[in-house]
Amino acid sequence: SMVAIPLAFYILMYLFGYTIEDARDGGWVGERSPSVPVSDLLRLVNFHQVRWDLAKDLISTWAGMVFVVSFSSCLDVAAISMDMGESLDTNNELMTVGISNFVSGLAGGFTGSYIFSQTIFTYRTNCRSRWIGVIVAFTFILVVISPVNFLEVTPLFFLGSTLIFIGFDLMFEWIVEVRHKLLLSEYLVLLATFVAVQFLGINAGIGLGIITAILDFVLATANVSSIARVSRRSLAMWRPQERGILEATAYNPDRAQILTLEVRGAIFFGSSMKALGNILDESGINASTEEKKEIVMTNSPLPHHSRISRHSPSLSPSSFRERRDQRKEGNKLDATIKLAVQRVPPRFLVLDLSSVTNVDASAARGCFLQLAKMCANRNVVVCAAAANSHITWLLKTHETAHDFDLHGPEDGHSQIDQLKDKIILFNDLNEALYFCEATLLAETTSMKWHKDLSPAPGHLTISLSNAFTNFLGLEEKSAAALVEYERHGRSFHTETMYTSGQTIFSPGTTSDGFFVVLSGTVAVLLDDRFGGSQTLISGGGVQKLQRPNMNMFEAGQISRVLSVGSIFGFVDYILQRPRSFQVVAGAKNALVAKVSREGLNELKKETPELERIVDKVLLLCSVVELAAGQNNW
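These figures come from a predicted structure and were not determined experimentally.

A.B. asks: Can you lay out the overall build of the chain for me, pointing to particular residues and giving the numbers?
C.D. replies: Helix and strand content of the chain: 24 helices and 16 strands. For the chain, the accessible surface area stands at approximately 35100 Å², while carbon and sulfur atoms represent 61% of it.

A.B. asks: Would you mind going over the packing of helix α12 (residues 272-283) against helix α16 (residues 361-377) in detail, with residue names and values included?
C.D. replies: The geometry of α12 relative to α16 is characterised by a closest axis approach of 9 Å and an angle of 20 degrees between their N-to-C directions. Relative to α16, α12 is oriented roughly parallel. By crossing handedness, the relation of α12 to α16 is classed as right-handed. Note on element contacts: α16 touches α12 through Ala 363, Gly 366, Cys 367, Gln 370, Leu 371 and Met 374, opposite Ser 272, Ala 275, Leu 276, Ile 279 and Leu 280. In terms of residue class, the contact of α12 with α16 is built from eight nonpolar, three polar and no charged.

A.B. asks: Which residues make up α12, and what are the values?
C.D. replies: Relative to the 16 Å expected for twelve residues at 1.5 Å per residue, α12 spans 16 Å between its end C-alpha atoms, a close match to the ideal helical length. Of all twelve residues in α12, ten are buried, a share of seventy percent or more. Within α12 the residues assigned to the buried category are Ser 272, Met 273, Ala 275, Leu 276, Gly 277, Ile 279, Leu 280, Asp 281, Glu 282 and Ser 283. Residue Gly 284 follows α12 closely and has a positive phi angle near 75 degrees.

A.B. asks: Lay out the sheet that holds strand β2 (residues 258-267) with the relevant residues and their values.
C.D. replies: The six strands lie next to each other as β1-β2-β3-β4-β6-β5, forming an open sheet whose pairing is mixed. The open sheet has two edge strands with one neighbour each: β1 (226-230) and β5 (401-403). In this sheet, neighbouring strand axes are inclined to one another by 30 degrees on average, regardless of whether the strands run parallel or antiparallel. Looking at chain direction, β1 and β2 are connected through five bridges and run antiparallel. Looking at β2, one finds that Arg 229 is bridged to Leu 261. Helix-sheet contacts for α16 involve β2, β3 (348-359), β4 (381-385) and β6 (423-426), and the interaxial angle to β3 is about 180 degrees.

A.B. asks: Break down unusual backbone geometry for me, citing the residues and quoting the values.
C.D. replies: With glycine set apart, most residues show a phi of negative sign, and most peptide bonds adopt trans. Of note, the phi angle at Glu 399 is positive, near 55 degrees, even though the residue is not glycine. Relative to the elements of secondary structure, Glu 399 occurs in the loop between α17 (389-397) and β5.

A.B. asks: Talk me through the layout of surface pockets; I want residue IDs and the actual numbers.
C.D. replies: The gaps left among the atoms become clear once a water-sized probe is rolled over them. Its boundaries defined by the atoms lining it, the second largest pocket holds a volume of some 1200 Å³. Lining the second largest pocket are 28 residues, with Phe 71, Leu 75, Trp 174, Leu 190 and Thr 193 sitting closest to its centre. Elements supplying a minimum of two residues to the lining of the second largest pocket: α4 (59-84), α8 (156-176), α9 (184-200) and α10 (202-224). Considering every element that reaches the lining of the second largest pocket, the biggest residue donor is α4, with eight residues. Partitioning the lining of the second largest pocket into residue classes produces 21 nonpolar, five polar and two charged.

A.B. asks: Now, about the sheet that holds strand β7 (residues 493-498): what can you tell me, with residues and values included?
C.D. replies: Strand order across the open sheet formed by four strands is β7-β16-β9-β14, with antiparallel pairing between neighbours. In the strand order of this sheet, the two ends are held by β7 and β14 (567-568), each with one partner. Those strands touched by helix α23 (residues 597-606) are β9 (513-519) and β16 (590-596), and its axis lies near 50 degrees from that of β16.

A.B. asks: A description of the nonpolar core should follow, citing residues and the corresponding values.
C.D. replies: One finds Ile 267, Leu 349, Leu 351, Leu 353, Val 359, Phe 368 and Leu 371 to be the most contacted residues of the largest nonpolar core, which totals 34 residues. Residue assignment for this core shows that the elements contributing at least two residues are β2, α12, β3, α16, β4, α17 and β6. When residues of this core are assigned to their parent elements, the largest contribution, eight residues, is made by α16. Beyond its immediate stretch of four places on either side in the chain, Leu 349 contacts Leu 259, Leu 261, Ile 279, Ser 283, Leu 371, Cys 375, Val 380, Val 381, Val 382 and Cys 383. The next biggest cluster of nonpolar side chains, apart from the first, holds 23 residues, and it includes Trp 238, Val 350, Ala 385 and Phe 435.

A.B. asks: Before we move on, can you summarise the packing of aromatic side chains with the specific residues and values?
C.D. replies: Tallied over the full model, the rule gives twelve aromatic pairs. Ring centres of Phe 168 and Phe 172 lie 6.3 Å apart, and the angle between their planes is 25 degrees; this geometry places the pair in the stacked category. A residue pair is termed a helical-turn pair when its members lie 3 or 4 positions apart in one helix, as Phe 168 and Phe 172 do in helix α8 at four residues. With relative accessibility at 36%, the residue Phe 172 sits in the partly exposed group. The interplanar angle of 85 degrees and the centroid separation of 6.2 Å between the aromatic rings of Phe 348 and Phe 435 together place this pair among those described as edge-to-face. Here Phe 435 lies in helix α19 (residues 429-444) and Phe 348 lies in strand β3, a separation of 87 residues in the sequence. Like Phe 435, Phe 348 is buried. Taken together through their ring pairs, the aromatic side chains of Phe 9, Tyr 10, Trp 28 and Phe 157 make up a single cluster. A cation over an aromatic ring shows up here: Arg 233 above the ring of Tyr 251, its NZ or CZ 4.0 Å from the ring centre. Over the face of the ring belonging to Phe 348 we find Arg 347, whose NZ or CZ atom lies 5.1 Å from the ring centre.

A.B. asks: Lay out the environment of Phe 121 in plain terms, naming residues and giving numbers.
C.D. replies: Along the chain, Phe 121 turns up in helix α6 (residues 116-124). Taking the C-alpha atoms as reference points, Phe 121 and Ile 166, separated by 45 residues in sequence, lie 8.7 Å from one another.

A.B. asks: Break down the pattern of salt bridges for me, citing the residues and quoting the values.
C.D. replies: Applying the stated rule across the entire model yields nine salt bridges. One salt bridge in this structure joins Arg 24 and Glu 21, with 2.8 Å as the shortest N-O distance. In this pair, Arg 24 and Glu 21 are both assigned in helix α2 (residues 20-25), three residues apart and thus about one turn of the helix distant. A relative accessible area of 5% places Arg 24 in the buried class.

A.B. asks: Outline helix α1 (residues 4-15), supporting the account with residue identities and numerical values.
C.D. replies: Between its first and last C-alpha atoms α1 spans 16 Å; for twelve residues at 1.5 Å apiece the expected length is 16 Å, and the two agree. For α1, the full list of buried residues reads Pro 6, Phe 9 and Met 13. Taken around the axis of α1, the buried residues stretch over an arc of 55 degrees, which confines them to a single face. Of the exposed residues in α1, the ones pointing more than 90 degrees away from its buried face are Leu 7, Tyr 14 and Leu 15. In this structure, the buried side of α1 is in contact with α2 and α8. Just downstream of α1 lies Gly 17, where phi reads positive at about 80 degrees.

A.B. asks: Explain a nonpolar patch on the surface to me, and be specific about the residues and the numbers.
C.D. replies: A contiguous nonpolar patch, built from Val 38, Leu 41, Leu 44, Val 45, Phe 47, Val 50, Trp 52, Phe 138, Ile 141, Leu 142, Val 144 and Ile 145 and spanning about 1200 Å² of accessible area, is present on the exposed surface. Among the elements that take part in the nonpolar patch, helix α7 (residues 131-145) stands out by supplying five residues, more than any other. Residue position: Val 144 is located in helix α7. Note on Val 144: relative accessible area 43%, which makes it partly exposed.

Reading the values: rules and limits
- Residues numbered from 1 in each chain as written.
- Predicted model: local features only at pLDDT ≥ 70, side-chain atom pairs only at ≥ 80, totals over all residues.
- Heavy atoms only, no water.
- Helix = DSSP H or I, 4+ residues; strand = E, 2+ residues; numbered from the N terminus.
- Areas by Shrake-Rupley, 256 points an atom, 1.4 Å probe, with all protein chains shown as cover.
- Axes fitted to C-alpha atoms, helices over the stretch in contact; angles between N-to-C directions.
- Parallel < 35°, antiparallel > 145°, perpendicular 65-115°, else oblique.
- Left-handed = near helix turned anticlockwise from the far one by under 90°.
- Contact = heavy atoms within 4.5 Å.
- Nonpolar A, V, L, I, M, F, W, Y, C, P; charged D, E, K, R; others polar.
- Expected span 1.5 Å × (residues − 1).
- Buried < 20%, exposed > 50% of the residue type's maximum accessible area, 1.4 Å probe, protein only.
- Pairing = 2+ DSSP bridges.
- 1 Å grid on protein atoms, 1.4 Å probe; cavity = no way out; pocket = protein on both sides within 12 Å on 5 of 7 lines; lining within 4 Å.
- Points joined across faces, edges and corners; volume = space filled by probe spheres on them.
- Core = buried A, V, L, I, M, F, W, Y, C linked by side-chain atoms within 4.5 Å.
- Phe/Tyr/Trp six-rings, centres within 6.5 Å; stacked < 30°, edge-to-face > 60°.
- Lys NZ or Arg CZ within 6 Å of the ring centre and 35° of its normal.
- Salt bridge = Lys/Arg side-chain N within 4 Å of Asp/Glu carboxyl O.
- Arc of directions from axis to C-beta.
- Patch = residues over 30% accessible without salt bridge, like charges linked within 9 Å, V, L, I, M, F, W, Y side chains within 5 Å.

Laid out in structure tokens, this is it:
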């Protein structure tokens, strides 16, 4: 049809006896213009007549054009990718546009972006060959070197109708049909940008569209952060009577004394109020009227002096508006914690911050500091685990949280008294839960924190048989059979002492056995990158970040810290696949036993009945990990 319409025009004009001049007089084709030789293109640029002193005045225009072309090119790439249903390399496409514009500028041409309509047109006509680009380029070259002005012989209505058709088709597709593929907020951003471009122009319209998209992103991000109650236990190997006390008190489903909440997303000025309300709701804390006022004041966007003067009543219109806004915020907080009165606050509140991407200063004070104060008034200890270094630095800088030394000489109670009104920071969730369990056992029994209780990670050395009996619950008869087997010089395991930070195994290595921690701790890392400290830039300059007890690796890389009696590496061993993670010795030296596949094979050959014992050990490992709610290592 693209060729048939111009051809039909000339056939009808011939049949009715009209000439090309008649058509030109009627406005059907373009006006005649003198031929321009190609050599004239080289004379368009005369550097002697350039006003170089005006170049500085064009910098803003140049920067605006770079932004518009870059932004429109990104939109074109995204639109073409969506229409094709295939992923495109955006960086490679932008490089192509940049190189083309550079060459065009050197040749005296104009800058531009994609020929979006032509790309979509050729794709929808099932043209998949690269020859289409060669033909288009060759045609453009012919147009330039040809002495004939093609507008003199081409029907103008055909060009106009083609552009209108393409424009209408694209507008219908991206304004009407696309509404089923976008969220309501995204569709409103699209409409706002379209309307703004029509009334304000391309630059101002795109600018307003970007601002609208930023606001939509802030609102969407504020709703992404979530608070969820999770069931977790520490990986500490408690004695049977201690485990029974914990299950009856700490993890009683009717009135749990240790509550673990998993926090996800970003906590910032737009979501801190909601996050605090959700935490209070889950923990059963009902805020008093004074606490609500303080929360609203802390999270208020009003200037600091207006918050200080809240005790001096004013009759000005601004003061009425201020109090009205505060009442609205207080009502919102009431709505988020309306169910809190139905629950009893726990003794320990543990926040898992491993999935929190960012916390800003307003959230540090408006959410976490207020939470710590409210919990302190109710004798609730708040612990935060697995926060990255940036979040840790921010909480400590705003005097919201303090580190806790689990290996220190002081017991848990004395450190809690020193950290009153503050959140206690731990390197990982396992340490936080161990602290809560040990402190709760000390409070509910006559045992002392570090003397009568099962020792903290790093304070104990055990044998392999003790690990199987005391920690996994293997029958003493079965464990004795394993010990008896090794007494005759036929060992099925080896023991190795690893220094702090030394790698036990790395990802991709052969899974030729599983491991048992006999003393110290080991850390499961997310990757193999080491970086004992990081830096961030604050308003006061460069700040160096360093987590306590983590001199060999960054705490944000740690997925789990495993203590005495823990067994790891058995999942890869059972599945006979390469190691999928890295394990290093913890803050102190670690004695680790390795039960090798070769040793177990020899054991099974000589004493087949011991095969059942080994299989039971591996089964008990999985049961213990599942009961703790942790990942199997």
